[in-house]
Every structure is written in C-alpha cells, then in structure tokens.
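So you can see what is in the structure, the chains are spelled out below.
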Amino acid sequence: MAQQTAPDGKSFTGAMRALVGNCSVLTVGEGEDSTGLVVTSAISLSAEPPLLLACVNRSSSSWPMFGRYGRFGWSSLGAGHQGVAERFSGFGGVKGPDRYQGADWVTAVTGARLLADAPAAFDCEVEEMIDRATHSIVIGRVRALITTPDQGALIYWNGSFRALTA
C-alpha cells in the first residue's frame, strides 16, 4: 500500500532511489589536478545545438573544477564498468587522479578525458552553470562524441549499481 510522507530530505532521497538512473562519469581537470564523479542526473538538453546537462552537488570536490577548467567529459557507463563507478563514487577512499586507474581513457577536442569503451561519451565545454539549492546545473556544449556499441548499461536502482546487458 502506498504511503504518504512529508517531502523532507530523507524521504525525498528514498523516493528517488525508486527511479532507475543511467550511471555516467563526469571527468574534470588535468594531471594531478583531476577528479570526477558518478551522476545519474546527466541528460540531453538539445540536439541543435548539441547540449547536455548534469546536476553537480556544490559541496563535491569536483564542483569548483568545472568553472576552473571550463571543460569536462561525460562517459556513460556500460555493464562492465562497475569498478569505474565505484572508484568515481569514492569507494575505499579513492580520490582525485586515482579515480582514473584501472580503465582506459582517451581525449577528443577539449582535452577532457573520456572512457575509451563507454557506450557513449561526450567531450564538452562548460556553457553555463546555474545554481539551485545544493546543486549546480552544468550545461555542456558537445564538441565531440564517441560511441562503442554493445556495451550494455550500468544503472543505479534501489541504492546499488546493476548491470544491464543486451
């Protein structure tokens, strides 16, 4: 039976876990000054021109880097990328450039890193950042993209990562 609950932070977060989200990694920075994070909030905004958006918590270590570097990579995660998701989620205390270990990365136009075997990856310039409540809506103009067919998808549902294969 459905329950009605006041929309406080805890109940809202719990309800959002009932939604299925595609896991993506946003990469930002360069060299020793690089980091990134896993998001389920990355979606397309426009096809003409090609724009996408992602919501980034302003308290995350990655957030200031979007403004500092003005570019980022968005790599959708495939079924075999749970380890990447865990590193970019900070499992085991992994931070900064150590999050990139254990995977192959490429660059396209801006120099932002893209997961080499991502189902879809987008090389973006930051077009705008809009602050709302605890997050910024980061709008990216897509400068290049790569696709790798048959990678499946990594989703987040009910508090855990789950692999989907064709």
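Above this text is the structure in question.
Residues numbered from 1 in each chain as written. Predicted model: local features only at pLDDT ≥ 70, side-chain atom pairs only at ≥ 80, totals over all residues. Heavy atoms only, no water.

**Q** Explain the environment of Val84 here, please?
**A** Residue position: Val84 is located in helix H3 (residues 82-88). By relative accessible area, which is 5% here, Val84 ends up buried. Residues Val84 and Ser24, spaced 60 residues apart in sequence, show a C-alpha to C-alpha distance of 9.8 Å. Excluding residues within four positions of it along the chain, Val84 makes contact with Val25, Leu77, Ala103 and Leu115. (Helix = DSSP H or I, 4+ residues; strand = E, 2+ residues; numbered from the N terminus. Buried < 20%, exposed > 50% of the residue type's maximum accessible area, 1.4 Å probe, protein only. Contact = heavy atoms within 4.5 Å.)

**Q** Could you clarify how one ought to interpret the pattern of salt bridges in this entry?
**A** Side-chain pairing between opposite charges can occur once the charged atoms of the two side chains come close. Tallying each qualifying case throughout the model produces four salt bridges. Across the pair Asp33 and Arg68 runs a salt bridge whose closest N-O atoms are separated by 3.2 Å. Residue Asp33 is found in strand E3 (residues 33-39), and its partner Arg68 is found in helix H2 (residues 63-69); the two are separated by 35 residues along the sequence. The partner of Arg143 in a salt bridge is Glu125, with the nearest N and O atoms 2.9 Å apart. With Arg143 in strand E10 (residues 135-147) and Glu125 in strand E9 (residues 120-132), the pair connects residues that are 18 residues apart, well separated along the chain. (Salt bridge = Lys/Arg side-chain N within 4 Å of Asp/Glu carboxyl O.)

**Q** Quick question: what am I supposed to make of the packing of aromatic side chains here?
**A** The way to describe two aromatic rings as a pair is by their centre distance and the angle between their planes. Evaluation of the coordinates by the stated rule reveals seven aromatic pairs. Here the aromatic rings of Phe88 and Tyr100 are separated by 5.1 Å at their centres, their planes lie at 80°, and the arrangement is edge-to-face. A residue pair is termed long-range when its members are at least 10 positions apart, and Phe88 in helix H3 and Tyr100 in the loop between H3 and strand E7 (105-106) qualify at 12 residues. For the pair Phe88 and Tyr100, a shared accessibility class is recorded, and that class is buried. When the centroid spacing of 5.7 Å and the interplanar angle of 55° are considered together, the rings of Phe88 and Trp105 count as tilted. Highlighted residues: Phe88 in helix H3 and Trp105 in strand E7, separated in sequence by 17 residues. Both residues of the pair, Phe88 and Trp105, belong to the buried class. (Phe/Tyr/Trp six-rings, centres within 6.5 Å; stacked < 30°, edge-to-face > 60°.)

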